[in-house]
Amino acid sequence: MSEKSEKTEQQQRLSVFKTYKLYVGGKFPRSESGRVYEVTDSKDKWLANAPLSSRKDARDAVVAARKAFGGWSGATAYNRGQILYRVAEMLEGRKDQFVREVADAEGLSKSKAAAGVDAAIDRWVWYAGWTDKIAQVVGGGNPVAGPFFNLSTPEPTGVVTVLAPQESSFLGLVSVIAPVIATGNTVIVIASEKSPLPALSLGEVLATSDLPGGVVNVLSGKTAEIAAPLAAHQDVNAIDLAGADDVLAKELEIAAADNLKRVLRPQPVDYSRTPGTERLTAFLETKTVWHPTGSLGASGSSY
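Throughout, residues of each chain are indexed from 1 in the direction in which the sequence is written. Selection of residues for local features in this predicted model requires a pLDDT of at least 70, selection of side-chain atom pairs for listing and counting requires 80 or more, and totals for whole chains, interfaces and linings are taken over all residues. With hydrogens and water set aside, each side-chain value is computed from the structure's full complement of heavy atoms.

Caption draft 1: Local environment of the overall build of the chain. A run of H or I in DSSP counts as a helix once it spans at least four residues, and a run of E counts as a strand once it spans at least two, with each numbered from the N terminus. Within the chain one finds 11 helices and 10 strands. Seen through its C-alpha atoms, the chain measures out along the principal axes to roughly 100 × 45 × 35 Å. Scored against the burial criterion, the 303 residues of the chain give a buried share of 44%. What makes two residues a contact is simply this: any of their non-hydrogen atoms within 4.5 Å. Of the contacts formed within the chain by residues at least 6 apart in sequence, a portion of 75% connects residues at least 24 apart. Charge convention: Lys and Arg are scored as positive, Asp and Glu as negative, and His as well as the terminal groups of each chain are ignored. Lysine's charge is taken at NZ, arginine's at CZ, aspartate's at CG and glutamate's at CD. Both charge centroids of the chain, one from 33 positive and one from 34 negative side chains, sit 3 Å from each other. Only protein chains enter the area calculation, which uses a 1.4 Å probe; residues under 20% of their type maximum are buried, those over 50% are exposed, and those in between are partly exposed.

Put into C-alpha cells, the structure is as follows:
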C-alpha cells in the first residue's frame, strides 16, 4: 500500500467517542430518564455527554447500596484493605486517561494534573492501610468499677450519600469516597456537576477491582436535583455535604433530620494535604459491650 493510500485510509476513519454511563449496583446503566447533558472543559469546549440522573436513578442506587451493605460490612477489615489497594493498582494502570480527564475538567497543565492523579492514587493506598487499624485507634477496653469487661468497638453507619467536591474532580472525589468504604459503609456518590467525567471513569475501575457491586454507586447530573431525594430517603443513614453550597447544605440538613441521618457539614478543605482520621470516624457508630469477667478457682480471683 502506498503512503498516499495509507493517509487516505487514516483520514476516512471516524472518531470513536466514549459513552459515559452511571455506575449502579456493579452495572453501567444509562439514566432511567434517558436524559444527558453536555460536559465542557474550562474553555467551554465540548468533551462528552454525561447521564442526567433522575430521582428513580437515586432510589435504585439506594437499593443497590443497601443490598451490598451486609456483605461489605461483614468482610474482614484486612480484606477491605486488599480490595482498596487493588483499586489503587488499577488506577495506576489507567493513569494517562485520568490525567487527561482531570486536565480537561479543571483547566490544568498535564504536569499538574498528573501530580493530582498521583496524589489520588496515593490516597487510596493510604486509606487501604487504615482499614484494619482504625478500630484499634477509636475502640478498646474501658476501665469500669466492677467485675466486667467493657469493650467499645466501631461499626459502620450504613448507606452514605456523598456529594463530591465540585472543584477537585478526582483527588477530592477519592478523598471523600475512600474513607467511607474503608470503614465498611456503602456509598452513593453524586459526582461534580460541572466535571463528572473522572468520577464516571472511576466506576469503570471499581468494576474491575474486586469491589462488590453496589458498594460504590456513581450518579451524575444536577447536584441539587439528585441530592434532595437522597437526603430525605428513609434508607440512607448518613450524608456528606462536601460538594454543597451553603444554601443547598441547609436544605439537605433539614431533609436529613427526618430520620436522624448523620450529617457531615461542608467545610474548607485542602485535599492536597494528608488527611487525618476525621472522615474515617465521621460515619462510624460505637458499640459498647459489657460482659462479666467471672471468677477463677476457690480463691475467687477474677481475670
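Caption draft 2: Layout of empty space enclosed by the protein. Grid points spaced at 1 Å and placed over the protein atoms alone form the basis of the search, with a cavity being a set where a 1.4 Å probe fits but cannot get out and a pocket an open set showing protein on both sides within 12 Å along at least five of seven lines. Lining residues have an atom within 4 Å of a point. Grid points are joined across faces, edges and corners, and a volume is the space filled by probe spheres set on the points. For the coordinates displayed, the defined rule picks out 1 cavity of 30 Å³ or more. In this structure, the largest cavity occupies an estimated 30 Å³ of space. Around the largest cavity, the lining residues are V39, L47, E101, A105, K194, S195, L197 and P198. For the lining of the largest cavity, the secondary-structure elements that each account for two or more residues are helix 4 (95-106) and helix 8 (197-207). Three classes are used, and their members are as follows: Ala, Val, Leu, Ile, Met, Phe, Trp, Tyr, Cys and Pro are nonpolar, Asp, Glu, Lys and Arg are charged, and the others, Gly among them, are polar. Of the residues assigned to the lining of the largest cavity, the class counts are 5 nonpolar, 1 polar and 2 charged.

Caption draft 3: Expanded view of the packing of aromatic side chains. Pairing of aromatic rings covers Phe, Tyr and Trp, the last counted by its six-membered ring, and requires centre-to-centre distances within 6.5 Å; plane angles under 30 degrees mean stacked, over 60 mean edge-to-face, and any other angle means tilted. Taken as a whole and judged by the stated rule, the model has 5 aromatic pairs. Arranged with centres 5.1 Å apart and planes meeting at 35°, the rings of Y23 and F28 form a pair that is tilted. When its relative accessible area of 2% is taken as the criterion, Y23 is described as buried. Members of the aromatic cluster, connected to one another through ring pairs, are W126, Y127 and W130. In this scheme, the term charge over a ring applies when either NZ of a lysine or CZ of an arginine sits within 6 Å of the ring centre and within 35 degrees of the ring normal. Here the basic side chain of K18 rests over the ring of Y20, its NZ or CZ set 5.1 Å away from the ring centre. Against the face of F69 rests R66, its NZ or CZ located 5.7 Å from the ring centre.

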